[in-house]
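# An overview of the molecular structure
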Amino acid sequence: MSDFPTRIDYVELSSPKLEDTQAFLTKAFGWSFIDYGPDYRDVQDAGLGGGIERGDVRAPLVILYADDLEAALARVKDAGASITKEIFTFPGGRRFQFLEPGGTEMGVWTKL
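Computed from a predicted structure; not experimentally measured.

## Topic: the nonpolar core
Listed in full, the 10 residues of the largest apolar core are Leu64, Ala66, Leu69, Ala72, Leu73, Val76, Ala81, Phe96, Phe98 and Val108. It is helix H2 (residues 69-78) that contributes the most residues to this core, four residues altogether.

## What to know about the side chain of Ser15
Take Ser15: it is sitting in strand S1 (residues 7-15). The exposure class assigned to Ser15 is buried, which follows from its relative accessible area of 5%. With sequence-adjacent residues up to four places away left out, Ser15 is seen in contact with Thr21, Ile52, Glu53, Arg54 and Gly55.

## With respect to the sheet that holds S1
Strand order in the open sheet formed by eight strands is S2-S3-S4-S1-S5-S8-S7-S6, and the pairing between neighbours is mixed. Unpaired on one side and paired on the other, strand S2 (32-35) and strand S6 (82-90) mark the two borders of the sheet. Strand-to-strand twist of the sheet, defined as the mean angle between neighbouring strand axes without regard to direction, takes the value 25 degrees. Here six bridges tie S1 to strand S4 (residues 49-54), and the two strands are oriented parallel to one another. Looking across to S4, one finds that Tyr10 is bridged to Gly49. Here helix H1 (residues 18-29) sits on the sheet and contacts S1, S2, strand S3 (40-44) and S4; the angle it forms with S4, its principal contact strand, is near 150 degrees.

## Re the packing of aromatic side chains
Within this structure, the stated rule accounts for six aromatic pairs. Ring geometry for Phe24 and Phe29: centres 5.9 Å apart, planes at 90 degrees, overall edge-to-face. Measuring from centroid to centroid gives 5.0 Å for Tyr65 and Trp109, while their planes differ by 75 degrees, and the two rings are edge-to-face. Of the two residues, Tyr65 is situated in strand S5 (residues 61-65) and Trp109 in strand S8 (residues 105-111); the sequence distance between them amounts to 44 residues. Since its relative accessible area comes to 22%, Tyr65 is described here as partly exposed. Through successive ring pairs, a cluster of aromatic residues spans Tyr65, Phe88, Phe90 and Trp109.

## Details of the layout of surface pockets
The computed volume of the largest pocket comes to approximately 550 Å³. Around the largest pocket, the lining is made up of 20 residues, and of these Tyr10, Glu12, Tyr40, Phe90 and Arg95 lie nearest the centre. When contributions to the lining of the largest pocket are tallied by element, the ones reaching two or more residues are S1, S3, S5, S6, strand S7 (93-99) and S8. Top element by residues in the lining of the largest pocket is S6. It accounts for four residues. Taken together, the residues of the lining of the largest pocket sort by class into nine nonpolar, three polar and eight charged. Counted as a void, the second largest pocket has a volume near 150 Å³. Every residue lining the second largest pocket is counted, 13 residues in all, and those nearest its centre are Leu64, Arg75, Val76, Ala79 and Phe98. Those elements that provide at least two residues to the lining of the second largest pocket are H2 and S8. By residue number, the principal contributor to the lining of the second largest pocket is H2, which donates three residues. Class assignment of the residues belonging to the lining of the second largest pocket gives a composition of nine nonpolar, two polar and two charged.

Rules behind the numbers
- Residues numbered from 1 in each chain as written.
- Predicted model: local features only at pLDDT ≥ 70, side-chain atom pairs only at ≥ 80, totals over all residues.
- Heavy atoms only, no water.
- Core = buried A, V, L, I, M, F, W, Y, C linked by side-chain atoms within 4.5 Å.
- Buried < 20%, exposed > 50% of the residue type's maximum accessible area, 1.4 Å probe, protein only.
- Helix = DSSP H or I, 4+ residues; strand = E, 2+ residues; numbered from the N terminus.
- Contact = heavy atoms within 4.5 Å.
- Pairing = 2+ DSSP bridges.
- Axes fitted to C-alpha atoms, helices over the stretch in contact; angles between N-to-C directions.
- Phe/Tyr/Trp six-rings, centres within 6.5 Å; stacked < 30°, edge-to-face > 60°.
- 1 Å grid on protein atoms, 1.4 Å probe; cavity = no way out; pocket = protein on both sides within 12 Å on 5 of 7 lines; lining within 4 Å.
- Points joined across faces, edges and corners; volume = space filled by probe spheres on them.
- Nonpolar A, V, L, I, M, F, W, Y, C, P; charged D, E, K, R; others polar.

Shown next as structure tokens:
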């Protein structure tokens, strides 16, 4: 399998008060951000890729990177995951999301 191991690449947070969360993370940790529209911020300078999405608070979403997204999707399905979001496109890449058998939601992405 060409892209093994698949590694944690990104952690996505959510906040109903996106601007307040962004201001806190800047003041507390010195992180900077790239705005992708009114509802998403890409975290910079945090040591690991990350983002904040405007929305209800939920557990952080761990996102893995794979060179071959379709092969990763097949492996995840074969290992027993339930797909929660089929492959979709976003600025700069494509990804899917799934629930592993214990119930934690995760994602896998690749560059366009």
